[in-house]
Amino acid sequence: MQPVLNIDDVKRVEVALTREGVSVSELMHRAGLAAAQEVLELGEMDNVVVLAGMGNNGGDGWVAAEALRAQGANVTVVSPVEPDALPGDLPRQVAQSAVRAGASVLVGPSRDELDDLLATADVALDCMLGTGFHGEVRAPFDIWIECLNASTARVVSVDVPSGLSAQTGLAAEACVVADMTVTMLALKPGLLTDDGRDVCGAIVVAPLAEQTDRLVVDEDPVAWRTDLADYLEALLPRTSAVDKFSRGSVLVVGGSRRYPGAAIMAALAAARMGAGYVTLATPASAAAVAQAHLLEIPVVPLPEDADGTLTADARDVVCKLAERSSAVLVGPGLRVSGGTCAVVSALLGMDVPLVVDADGLNCLARLTNGALPQYPEIIRRSAPLVITPHRGELARLVGRPAGGVSSLSDQLDAARDIVWADGGSELVVVGKGTATCCVSVERAVLPKPGPAALATAGSGDVLAGMMASAIAQRSEADVDPALLAAYVCEVHAYAGTLAAERRGSRAVMASDIIDVVGVASDAVDAHVAYPDGPAGE
Ligand SMILES: NC(=O)C1=CN([C@@H]2O[C@H](COP(=O)(O)OP(=O)(O)OC[C@H]3O[C@@H](n4cnc5c(N)ncnc54)[C@H](O)[C@@H]3O)[C@@H](O)[C@H]2O)[C@@H](O)CC1
Ligand SMILES: Nc1ncnc2c1ncn2[C@@H]1O[C@H](COP(=O)(O)OP(=O)(O)O)[C@@H](O)[C@H]1O
Ligand SMILES: [K+]
């Protein structure tokens, strides 16, 4: 797994490195050399343009320019001011050194001059703005960024594409779209989510010092990005010695007269993920339509009110079914009412592994008055509990206003508020978004996100069904619950990729994802078990 650090923690690592004798100047040299090395590895890159800003990110660029010049490249550095006029001591010193070494400098070019220069470039190094960037991009960099994005040069961004917040992953109106980002010391959350996913290109981490790995871990990474090999312990069993019940039985409690589909999809996804026996319990007036869609899955009708949502009388039937299940999912299509809240509350009180999604979460928000972290007792239990909120649901759970969870960084913060209040090792918060985090009290895990095709109605219901299925199949095993949840997200993401290949990237509907869950999990498992191919080729 690769550690991900908040920007403030990256700065703390920098300070710790200086305490261990690696000066900021030395770090800047190593950063520039690391960027130059990546350019050299691209192959025939004779003409290099370096777009340098006024801060330390620009300093990295001047060092890279000097190093590339020493390797025989034609290097021109574009700077807003003369090297001697750079305000920071370090950037000024490295700029003066690059000039002495023969780098050409173009100061304050017009748009046309910059276009002409970039037209001659094989590669452009983007060193305008790094982690010190905030707000909207000011002149001249907004214009430089437009020129760069319009050019045919390969673009290598240093530390972060200029215009992207490395913390939130949100891009300013002007933002570099890179082919590669060489980021210093550690991954930052903004590189992995939202606009960051579209503008970073391939990400390379440059550790800069041998102490870095240790010091990064000392800063308690905000999350860990998984590699496929990490999932080895999370794989679902593939033994022959099973029957349909021992392969895991899942109870899905969801649906309403108004929304019967969500629970149907969740039940189908649970079956496709490998549970041997799935049961759907749904309000009576949704049961007939559900049964018509589900040949293999029995549907149990539950007491309902005049609106076709569950009444509190449904509790007894649900709890009896839950006692016989290896895992329960509650929520998809349920709606929020006194009756549905009573059912959610009853399931939370049982010791069966439980997944709460969608309206199940909205019931949880209502039960805790929109302040789940203040009422940890409601989710404190001895059996596993996985809650799968998207950003809106997560905001509602922790009492933030609508839109109050708007980045991966916010997802991580809100999820931590919940798991730390709970303090138990049985709880995982799966904070969903353009990147998804699986957060337990132990750690936060970031599975590889899927394509934007997953942003389609019902895709979360599919994930929830898969999640309950996986937990049902691993209920006896000693596996890190955050890792198991991340494995399920990884399969869901890959199913999204397969569905997009099959249907077209804009055409995917949730049922298309369900259709390929099985092949997606086989493929992910094969890659986990044999990363280099089955014969090691
Ligand atoms: N953290 C570390 O350990 C290391 C950091 N290094 C580099 O240092 C960078 C951070 O350096 P700084 O803190 O000097 O910050 P930056 O160089 O990212 O940005 C600061 C400069 O950008 C300007 N600026 C900020 N917002 C702007 C806006 N909206 N429009 C136009 N200009 C704007 C500021 O006025 C200032 O001149 C990192 O991104 C990385 O490239 C490396 O040199 C070595 C190691
Ligand atoms: N832009 C995106 N890129 C990748 N995955 C996404 C994106 N948007 C949403 N997803 C994923 O799609 C799923 C959507 O879940 P959710 O919002 O609960 O949908 P619904 O409520 O319609 O079922 C989540 O797994 C989420 O991580
Ligand atoms: K940059």
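The structure displayed is predicted, hence computed values, not measured ones.

Student: So what's going on with the coordination of the potassium ion (ligand 3)? Residues and values would help.
Tutor: Surrounding the potassium ion (ligand 3) are the protein donor atoms N57 (OD1), D126 (O), L129 (O), V158 (O), V160 (O) and S162 (OG), which sit 2.6 to 3.1 Å from the metal. Within one chain, the residues serving as donors to the potassium ion (ligand 3) are arranged as N-x68-D-x2-L-x28-V-x1-V-x1-S. Of the two residues, L129 is situated in the loop between β5 (123-127) and α6 (141-150) and V160 in the loop between β6 (154-158) and β7 (180-184); the sequence distance between them amounts to 31 residues. Here L129 matches V160 in class, with each residue buried.

Student: Give a description of the site of ligand 2 that names residues and reports values.
Tutor: Taken together, 19 residues surround ligand 2, and among them K432, G433, T436, G458 and G460 come closest. Within the side chain of K432, one N or O atom sits 2.6 Å away from an oxygen atom of ligand 2. At 3.0 Å from an oxygen atom of ligand 2 is found a side-chain nitrogen or oxygen belonging to T436. Across the complex, the protein chains shield 79% of the 570 Å² of accessible surface that ligand 2 would expose by itself.

Student: I'd like a description of the UniProt feature "domain: YjeF C-terminal" (unreviewed entry) in the chain, backed by residues and values.
Tutor: Here, the residues flagged by UniProt with the feature "domain: YjeF C-terminal" (unreviewed entry) are residues 227-524. The straight-line gap between the two end C-alpha atoms of residues 227-524 is 11 Å; of that span, 43% is helix and 12% is strand.

Student: Can you tell me about the site of ligand 1, naming the residues and giving the values?
Tutor: Taken together, 23 residues lie near ligand 1, and N57, D60, G130, E136 and D159 sit nearest. Here an oxygen atom of ligand 1 and a backbone polar atom of G132 are 3.0 Å apart. Placement of ligand 1 is best described as lying within the second largest pocket. Contributing elements (two or more residues each) for the shell around ligand 1: α1 (7-19), α2 (24-41) and α3 (56-70). Across the shell around ligand 1, the residue classes break down as 11 nonpolar, seven polar and five charged.

Student: Help me get a handle on the packing of helix α13 (residues 359-367) against helix α14 (residues 391-398), residues and values and all.
Tutor: Where α13 contacts α14, the two axes come as close as 8 Å, and the packing angle between them is 15°. What the angle tells us is that α13 and α14 run roughly parallel. Crossing of α13 over α14 shows left-handed handedness. Contacts between α13 and α14 involve L361, N362, L364 and A365 on the former and, on the latter, E393, R396 and L397. Split into classes, the residues belonging to the contact of α13 with α14 amount to four nonpolar, one polar and two charged.

Student: I'd like to hear about the nonpolar core, residue by residue, with values.
Tutor: Of all hydrophobic cores here, the largest spans 64 residues; its most connected members are V252, L280, M467 and Y487. In terms of residue count, the dominant contributor to this core is helix α17 (residues 481-503) (13 residues). Those residues in contact with Y487 that sit more than four places away from it in its chain are Y231, A234, L235, L236, M273, S521, V524 and D525. Counting residues in each nonpolar core, the second largest holds 62 residues, with V4, V344, V356 and C363 among its members.

Student: Requested: an account of unusual backbone geometry, with residues and values cited.
Tutor: Across the junction of A139 and P140, the peptide omega takes the value 0°, indicating a cis bond. Relative to the elements of secondary structure, P140 occurs in the loop between β5 and α6. Within the chain, D159 stands out as a residue other than glycine whose phi angle is a positive 70°. Mapped onto the elements of the fold, D159 is located in the loop between β6 and β7. The buried category is assigned to D159, whose relative accessible area is 8%. Phi angles above zero are rare outside glycine, and A358 is one such case at about 50°. Within the element layout of this structure, A358 appears in the loop between β14 (354-356) and α13.

What counts, and at which threshold
- Residues numbered from 1 in each chain as written.
- Chains lettered and ligands numbered in written order.
- Predicted model: local features only at pLDDT ≥ 70, side-chain atom pairs only at ≥ 80, totals over all residues.
- Heavy atoms only, no water.
- Donors = N, O, S within 2.8 Å, 3.2 Å for Na, K, Ca; no water.
- Helix = DSSP H or I, 4+ residues; strand = E, 2+ residues; numbered from the N terminus.
- Buried < 20%, exposed > 50% of the residue type's maximum accessible area, 1.4 Å probe, protein only.
- Near = heavy atom within 4 Å.
- Polar contact = N/O pair within 3.5 Å; in protein donor to acceptor, adjacent residues only side chain to side chain.
- Areas by Shrake-Rupley, 256 points an atom, 1.4 Å probe, with all protein chains shown as cover.
- UniProt positions renumbered as here; feature names shortened; annotations may be inferred.
- 1 Å grid on protein atoms, 1.4 Å probe; cavity = no way out; pocket = protein on both sides within 12 Å on 5 of 7 lines; lining within 4 Å.
- Sits in = over half its atoms within 2 Å of the grid points.
- Nonpolar A, V, L, I, M, F, W, Y, C, P; charged D, E, K, R; others polar.
- Axes fitted to C-alpha atoms, helices over the stretch in contact; angles between N-to-C directions.
- Parallel < 35°, antiparallel > 145°, perpendicular 65-115°, else oblique.
- Left-handed = near helix turned anticlockwise from the far one by under 90°.
- Contact = heavy atoms within 4.5 Å.
- Core = buried A, V, L, I, M, F, W, Y, C linked by side-chain atoms within 4.5 Å.

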